[in-house]
Structures are given as structure tokens and as C-alpha cells.
Amino acid sequence: VVSTQSTWGLFLKAKTPYTSYVINEHSGQQNKNHLEHFRFCGQIIAKALWHKIPIKAFLNKVLLKKLIGIPYTYADLKYYDEEIWKSIKYIKCNEILPGDSIATFTANDIDPITGTETIIELKEKGKSIWIKEENKEEFVELYLDYVLHKSIDAQFIAFNYGFSSLVPYEMLQILDEDELELFLCGEITIDVKDWKQNTLYKGTFDHKHQIITWFWEILEKLNQNELERLLQFCTGSSRVPAAGFRGLTTNNNKPCPFTIEPKLYGSTIDDFPVAHTCFNKLELPIYPDKKAMEKSLRILINSPICFQFSLQQQLSLIHI
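Residues numbered from 1 in each chain as written. Predicted model: local features only at pLDDT ≥ 70, side-chain atom pairs only at ≥ 80, totals over all residues. Heavy atoms only, no water.

Once that is clear, we can look at the overall build of the protein chain. In terms of regular secondary structure, the protein chain is built from eleven helices and nine strands. By the compact-globule yardstick of 20 Å for 320 residues, the protein chain is too spread out, its C-alpha radius of gyration being 25 Å. The C-alpha extent of the protein chain, read off along each of the three principal axes, is 80 × 40 × 35 Å. Counting all 320 residues of the protein chain, 44% fall into the buried class. Considering only contacts within the protein chain whose residues lie at least 6 apart along the sequence, 64% involve residues at least 24 apart. A total of about 17400 Å² of accessible surface is found on the protein chain, and carbon and sulfur atoms cover 54% of it. The centroid of the 35 positive side-chain charges in the protein chain is displaced by 6 Å from the centroid of its 40 negative side-chain charges. (Helix = DSSP H or I, 4+ residues; strand = E, 2+ residues; numbered from the N terminus. Rg over C-alpha atoms; globule rule 2.2 N^0.38 Å. Buried < 20%, exposed > 50% of the residue type's maximum accessible area, 1.4 Å probe, protein only. Contact = heavy atoms within 4.5 Å. Areas by Shrake-Rupley, 256 points an atom, 1.4 Å probe, with all protein chains shown as cover. Lys, Arg positive; Asp, Glu negative; His and termini not counted. Charge placed at Lys NZ, Arg CZ, Asp CG, Glu CD.)

Rendered as C-alpha cells:
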């Protein structure tokens, strides 16, 4: 779906320091079914939104605005292509004196396969119309329309068709692009205090139990990347819902708080926690000390395939 090469993938990373993804205007060159894939991609993202499942789909702010129907401005280019934004900003903010030859009413399109450059006229006879002080606002408007609309129009229509088939356009009208991003991607920062406050305990566990105290003390020392991996192991997602941990749900969108219950501590295979992601539940062994618990959690967090198989399955495979 995402590629660093402009000939592959439906989306490309935006040419900015900010991590986000833009529609690949050349997506059809190597993928003749790209519009069907865009429609399907829109449906997948909409379904995740509908079921409140945060995903790392950092769609560009321009794309989010288009989904909502909010008009974009030249300032949005900062999150789309920083070099283009600087050029447009220079034209807007500086007086063009008579005799200055900045550019004509054109845009450049470079074929990612052959490297051939095509000049796109932004209006009739655009190649012969120079940007002047009196027409520069028209140029900016036409340029934005080409870069953010016409060049990706077919792809966006397909994506939006799939998205709006599950999430009606009217439901997005109360949001702005930042709020939509929050609902799509969830909270960026995992707050251990919020996680702790919205956790239930079963069996012999309660918030004062020594095992639970150790567990939260260990989590408070983890960095954000480690917390994301642990959260994904426990819930199936590395992102926190927009409502925080109180917003955790089951796959069928019913409230389902994070729960910890005790598990016997025994053989090597049984030394590790067991997660039930459908129910946001973690079975935590009764460790003899905090050091043993931290060792197990860190092995789990740093396991490269622990999210494809349970750690018990991995250890079983190792011992075969």
C-alpha cells in the first residue's frame, strides 16, 4: 500500500519532516487495478474508524481535509511537500517587480519510470503567461488545484467512495482534520497513569497486590516504543483510542476495559504472560520477585515475532 518509490504503492511518504502519507499520483503506472485498491483501502480505514480501532494510518492533512470537505490553503502544502510550499510562499509573500521572470502558469510532472518531464499548463496558453504581481494569486490557486486535486482526482474519488460507503460524509462534518486524525490513529503518547486508572483486576489481584504494583512500576520505566509493543501484545493495537484507555472495545465495538488476572508461575514456558487480544485481557504470572517479572516482560517486548505467535508457541517451537 505504501512505497518509497513513486512507481509502486497507493501512497507515498510526504516530502516533509512530518510523518504522513499522500496519494501517489502515479499509482496506476505499475498497478492497473489501483482504483479498485484505493476503494478497498478506503473501506478498510473507514471500518477501523467505525469500530474505534486505532491504526497507524497517518493520512496527510490535505487528504483528511478533502474527506471532511474543508477547503485547503497554500499553507497546507507545508505538510504535503515542503519545497513546493517554500516556493509558493515566496511568490505570495514577495512583490514581483516588472521584468522579473519567476515562472509561467505551468506545473511539472516527471514520469517515475522514464524520467521524462511533462509540462502541464495550468490554464490555456499557460506556457506563455508569466507570473506577475497582479496575477500571482490566480497562479497559486491554479497550482494548488492541480497538485492537491486534479493530479490525484481519480485516486481520491475511488478512496472516498470506499470510505464514505461505511462512514457517511455527514458524520464527519462535526470534525476538523486534527480531530479526524485523532479518531483514526488514536493517541500518539501512551499514558501509563491513564492505563492504570482504567484497568480492572480479577481473581486474587487488586490494585494493591504486590504483583500489580511491580507491573506498573516496570511500565513506568518503559519508553514509548516499548509501551507500544506491550500494548499491541495485550490488545492487538499499538495505539490508544481517542477517548484514552476507557475507550477500549471488543472487535464488535462493545466496551471492554483492560483486565489483568493471575496465572500460575511454573515451568519456563509458563513464565510468560498470556494475552487475549479479543478481550483486552492479560494473564500475569505470580512472579517470585520484580526482577523476574521485568525480565519476562522485556523478553516479550523485544521478541521480533511475538505479535505473530504467542511466546508460549515460540518457545514450544524452539524446544521441538
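Next comes the rest of the account.
So, about the side chain of lysine 61. Mapped onto the secondary structure, lysine 61 falls in helix α2 (residues 61-68). Among the polar contacts listed, one links the side chain of lysine 61 to the side chain of aspartate 178, at a separation of 2.3 Å. Not counting chain neighbours up to four residues away, the residues in contact with lysine 61 comprise Tyr79, Glu177, Asp178 and Glu181. (Polar contact = N/O pair within 3.5 Å; in protein donor to acceptor, adjacent residues only side chain to side chain.)

Moving on: the nonpolar core. Of all hydrophobic cores here, the largest spans 30 residues; its most connected members are Trp195, Phe215, Leu219, Leu230, Leu284 and Met293. Breaking this core down by element, the ones donating at least two residues are α7 (192-197), α8 (210-219), α9 (224-235), β7 (258-263), β9 (281-285) and α10 (290-302). Considering every element that reaches this core, the biggest residue donor is α8, with seven residues. Residues within four places of tryptophan 195 in sequence aside, it is in contact with Ile190, Trp216, Leu219, Leu227, Leu230, Leu231, Phe245 and Phe258. Formed by 26 residues, the second largest nonpolar core is a distinct cluster that contains Ala46, Val167, Leu175 and Leu184. (Core = buried A, V, L, I, M, F, W, Y, C linked by side-chain atoms within 4.5 Å.)

All right, on to the layout of surface pockets then. A volume near 430 Å³ is recorded for the second largest pocket. Along the wall of the second largest pocket there are 15 residues; nearest its centre are Leu49, Trp50, Lys52, Phe183 and Ala242. In terms of residue class, the lining of the second largest pocket is made up of eleven nonpolar, three polar and one charged. (1 Å grid on protein atoms, 1.4 Å probe; cavity = no way out; pocket = protein on both sides within 12 Å on 5 of 7 lines; lining within 4 Å. Points joined across faces, edges and corners; volume = space filled by probe spheres on them. Nonpolar A, V, L, I, M, F, W, Y, C, P; charged D, E, K, R; others polar.)

Of all ten residues in α8, seven are buried; the element is thus mostly enclosed. Here α8 has its buried residues at Ile211, Ile212, Trp214, Phe215, Trp216, Ile218 and Leu219.

Under the 1.5 Å per step criterion, the end-to-end length of α10 is 18 Å for 13 residues, consistent within 8% with the ideal 18 Å. Taken together, the buried positions of α10 are Ala292, Met293, Glu294, Ser296, Leu297, Leu300 and Ile301. Near the N-terminus of α10, the side chain that reaches the backbone nitrogen of lysine 291, with its oxygen 3.2 Å away, is that of aspartate 289. (Expected span 1.5 Å × (residues − 1).)

So, on to the sheet that holds β9. Taking strand neighbours across the sheet as the criterion, the four strands line up as β6-β7-β9-β8 in an open arrangement whose pairing is mixed. The open sheet has two free edges, formed respectively by β6 (199-201) and β8 (274-276), since each of these has just one partner strand. Adjacent strand axes in the sheet meet at a mean angle of 25°, parallel and antiparallel pairs treated alike. When β8 meets β9, the two strands line up antiparallel, connected through three bridges. The residue bridging valine 274 from the neighbouring strand is glutamate 283, located in β9. Along the sheet, α9 makes contact with β7, β8 and β9, crossing β8 at roughly 65°. (Pairing = 2+ DSSP bridges. Axes fitted to C-alpha atoms, helices over the stretch in contact; angles between N-to-C directions.)

Further remarks concern the packing of α8 against α10. α10 packs onto α8 with a crossing angle of 50° between their chain directions and a minimal axis gap of 10 Å. By the angle class used here, α8 and α10 are oblique. Handedness of the crossing formed by α8 with α10: right-handed. Contact residues: Ile211, Trp214, Phe215, Glu217 and Ile218 in α8; Lys290, Met293, Glu294 and Leu297 in α10. (Parallel < 35°, antiparallel > 145°, perpendicular 65-115°, else oblique. Left-handed = near helix turned anticlockwise from the far one by under 90°.)

Such coordinate-based values are descriptive only and should not be taken to indicate function.
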